[in-house]
Every structure is written in structure tokens, then in C-alpha cells.
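If you want the building blocks of each chain, they are given just below.
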Amino acid sequence: MLTDYLKIEEGDQLKHAHRVQHKNRGQEEVNQWIIVGRDGQPKGTVDLSDKLNCRRSYSANYRVTQRDQHGRIVVDRLTDSL
């Protein structure tokens, strides 16, 4: 599951924000979630990019990027499966 790759606290939730599909050769899709804390305040974002195997520089299928509320990267991980 996606939350296994993230640094989030117990009680935090992911709310799907939007999906973008790039019209390029590999038809890459990027999904973005907002991390919401127990108090309902946003704590950061998570981006999930897929179909990275068509790019020469990536050997994985997915890229998970978590950012805090200030935009700093907390997690940036390549993986073959979720």
C-alpha cells in the first residue's frame, strides 16, 4: 500500500487531490494526494508517478514523492510495485 512508503503519523489520512495524464510517448500519469492530520489541517502532499519504465533513466515502475507543508521533500523513492 502507498502509506507503507510514506513518513506519516498514525491518524493522518490521504485525500486524493487530482490526477494529471501527460500526453507523451509513455502516457505517464501523476496522482496527487494531500496529507491531512487528525485536526483536519493539511500536512503535506504525495505525488505518485507511474509508467516510469519507458524512460531510460528510471528502471522502476513508480516514483513516490512526499513533501511537507513547506514544499521540502521528505520521501523520494522509486519502486517496482505498490
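Whatever comes next refers back to the structure up there.
Throughout what follows, the structure given in this document is the object of discussion. (Residues numbered from 1 in each chain as written. Predicted model: local features only at pLDDT ≥ 70, side-chain atom pairs only at ≥ 80, totals over all residues. Heavy atoms only, no water.)

**Topic: the overall build of the protein chain**
Along its length, the protein chain carries 0 helices and 5 strands. Across the 82 residues that make up the protein chain, the buried fraction comes to 33%. Across the protein chain, every contact between residues at least 6 apart in sequence was considered, and the portion connecting residues at least 24 apart equals 25%. Of the accessible surface of the protein chain, which amounts to about 5800 Å², a share of 42% is contributed by carbon and sulfur atoms. (Helix = DSSP H or I, 4+ residues; strand = E, 2+ residues; numbered from the N terminus. Buried < 20%, exposed > 50% of the residue type's maximum accessible area, 1.4 Å probe, protein only. Contact = heavy atoms within 4.5 Å. Areas by Shrake-Rupley, 256 points an atom, 1.4 Å probe, with all protein chains shown as cover.)

**A short note on the pairing of strand 5 (residues 73-79)**
Note that strand 4 (residues 62-68) and strand 5 share 6 bridges and pair antiparallel. Among the inter-strand pairings, Thr 65 is bridged to a residue of strand 5, identified as Asp 76. Taking the residues between adjacent antiparallel strands as the criterion, strand 4 and strand 5 are bridged by 4 residues, where Gly 71 takes a positive phi near 90 degrees. (Pairing = 2+ DSSP bridges.)

**Some details on the environment of Asn 61**
Relative to the elements of secondary structure, Asn 61 occurs in the loop between strand 3 (42-50) and strand 4. Between the C-alpha atoms of Asn 61 and Leu 78, which are 17 residues apart in sequence, the distance is 7.5 Å. Within the structure, the side chain of Asn 61 is placed 3.1 Å from the backbone oxygen of Asp 80, a separation counted as a polar contact. (Polar contact = N/O pair within 3.5 Å; in protein donor to acceptor, adjacent residues only side chain to side chain.)

**A word on the sheet that holds strand 1 (residues 13-21)**
Judged by pairing direction, the sheet is antiparallel, and its 5 strands sit side by side in the order 1-2-3-4-5 without closing on themselves. Edge positions in the sheet fall to strand 1 and strand 5, since each of these pairs with one other strand and no more. In this sheet, neighbouring strand axes are inclined to one another by 15 degrees on average, regardless of whether the strands run parallel or antiparallel. Where strand 2 (residues 29-36) meets strand 3, 7 bridges bridge the pair, whose relative direction is antiparallel. Following the sheet pairing, Ile 35 is matched in strand 3 by Gly 44. (Axes fitted to C-alpha atoms, helices over the stretch in contact; angles between N-to-C directions.)

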